[in-house]
Amino acid sequence: MKCRVCRGPAVIDIRRHNANFCGEHFVRYCRQQVERAISDHKMLAEGDSVLVAVSGGKDSLAVWEILVDLGYEADGLYVGLGIGEYSDVSLDHVRRFATERSLTLTEIDLVERYGYDIPTAAAKTRRVPCSTCGISKRHVFDQATVEGGYDCLVTGHNLDDEVAVLYGNVMRWQVEYLGRQRPVLPAGRGFPRKVKPLVKLSERETAAYCVLQGIDYMVEECPMAAGNKHLGYKDALNELERQSPGTKANFYAGFLKQVVHLFEHDDESIDSALGHCSRCGAPAGGEICAFCHLVERAGSARSESEGGEQPVSVAAGPVPVTFSGTQAQR
Ligand code: Q46
Ligand code: ZN
Ligand code: ZN
């Protein structure tokens, strides 16, 4: 197996491109895929300051490293979810990564700031953990990006993530979600711009990138992911990809090129139907948004279970929520 570029010994094969690469040229390939995603989808402008949501996993650390390497002013944001040892170890990985590279990292801990952790919130609200986690992360990411004055929020969603979500939304014809499944969501209604520069790289590729670059990422998966339907979708899609390399990338690229615009009005009609949260200004079907509702229920749940500690409300948190306009959950 020889490198497509230099004909030296290859370390990885990329079947969908019918190409093999040595370490040096694979790293270059990954960076080029990120640059192409940024330019094809007009994700970032030169000199943009970005906040990268980092979990300690391969994707978020890889995208942070690549953006810094490409010259963007990129700081990191870690949200402490309170998922036992998993959260402790993942924070260690993020801190080490940032310290070794002299990068700026902001840490926001849900227990310290809002008085709840994800396991407690899931139990109290009887939601699946990933649902409470998603509501929490979206809110904290948006808030930190806007209040930090960053031009946009970067997440480490890769090709496999995007295709699994797309597959799930198509299988259930969730048209309201299809309209907003773009690699760039523009700023508006109090939201920051959100971009996904890894959409042209698979998770196998981001893992290999980290190994080659010496990025010490958190290998263990979140223990609360068990039963997450997207894991099942990924298995099914991996089998299709194995039989026919390129299936996933074609499915996603075809959706963006030919289909997504058909659903955008569904996205807008949902947003315009929403009122505003009376506490934080986010769009909400009722008086308060899903996040404030979660804080109210889960924050008090934690203090009850721990013997009467005062719950931390959104308004009383160390960083007040100051979204100016309306916000859809996205
Ligand atoms: S961290 Fe949170 Fe994930 Fe864990 S609880 Fe689910 S959503 S699986 S990316
Ligand atoms: Zn080579
Ligand atoms: Zn709210």
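Structure: see above.
Here the structure is a predicted model, which is why all the values come from computation and not from measurement.

## What to know about the coordination of the zinc ion (ligand 3)
Here's step 1: For the zinc ion (ligand 3), the full set of protein donor atoms is Cys277 (SG), Cys280 (SG), Cys289 (SG) and Cys292 (SG), at a range of 2.2 to 2.4 Å.
Here's step 2: The site at the zinc ion (ligand 3) holds 4 donor atoms, and with the angles between them running 106 to 114°, its shape is tetrahedral.
Here's step 3: In the primary structure, the donors to the zinc ion (ligand 3) are separated according to the pattern C-x2-C-x8-C-x2-C.
Here's step 4: Judged by relative accessible area, which is 5%, Cys289 ranks as buried.
Here's step 5: For Cys292, a relative accessible area of 1% corresponds to the buried category.

## Structural notes on the sheet that holds strand β7 (residues 184–185)
Here's step 1: On the basis of which strands lie adjacent, the open sheet formed by 6 strands has the order β5-β4-β3-β6-β8-β7 and mixed pairing. In this open sheet, the two edge strands, each paired with only one partner strand, are β5 (105–109) and β7.
Here's step 2: Where β7 lies against strand β8 (residues 193–195), 2 bridges are found, and the strand directions are antiparallel. In the strand pairing of β8, Leu185 is matched with Lys194.
Here's step 3: Lying over the sheet, helix α3 (residues 84–100) contacts β4 (73–80) and β5, oriented at roughly 165° with respect to β5.

## Side note on helix α2 (residues 58–69)
Count 3.6 residues to each turn of an α-helix, and residues three or four apart come out pointing the same way.
Here's step 1: End to end, α2 covers 16 Å across 12 residues, agreeing with the expected 16 Å (1.5 Å per residue, within 8%).
Here's step 2: α2 sits mainly inside the fold: 10 of its 12 residues count as buried.
Here's step 3: Of the residues making up α2, those classed as buried are Lys58, Asp59, Ser60, Leu61, Ala62, Val63, Trp64, Glu65, Ile66 and Leu67.
Here's step 4: Phi turns positive, to about 100°, at Gly71, one or two residues after α2.

The rules behind the values
- Residues numbered from 1 in each chain as written.
- Chains lettered and ligands numbered in written order.
- Predicted model: local features only at pLDDT ≥ 70, side-chain atom pairs only at ≥ 80, totals over all residues.
- Heavy atoms only, no water.
- Donors = N, O, S within 2.8 Å, 3.2 Å for Na, K, Ca; no water.
- Tetrahedral: all angles 85-135°; square planar, octahedral: opposite > 155°, others 65-115°.
- Buried < 20%, exposed > 50% of the residue type's maximum accessible area, 1.4 Å probe, protein only.
- Pairing = 2+ DSSP bridges.
- Helix = DSSP H or I, 4+ residues; strand = E, 2+ residues; numbered from the N terminus.
- Contact = heavy atoms within 4.5 Å.
- Axes fitted to C-alpha atoms, helices over the stretch in contact; angles between N-to-C directions.
- Expected span 1.5 Å × (residues − 1).

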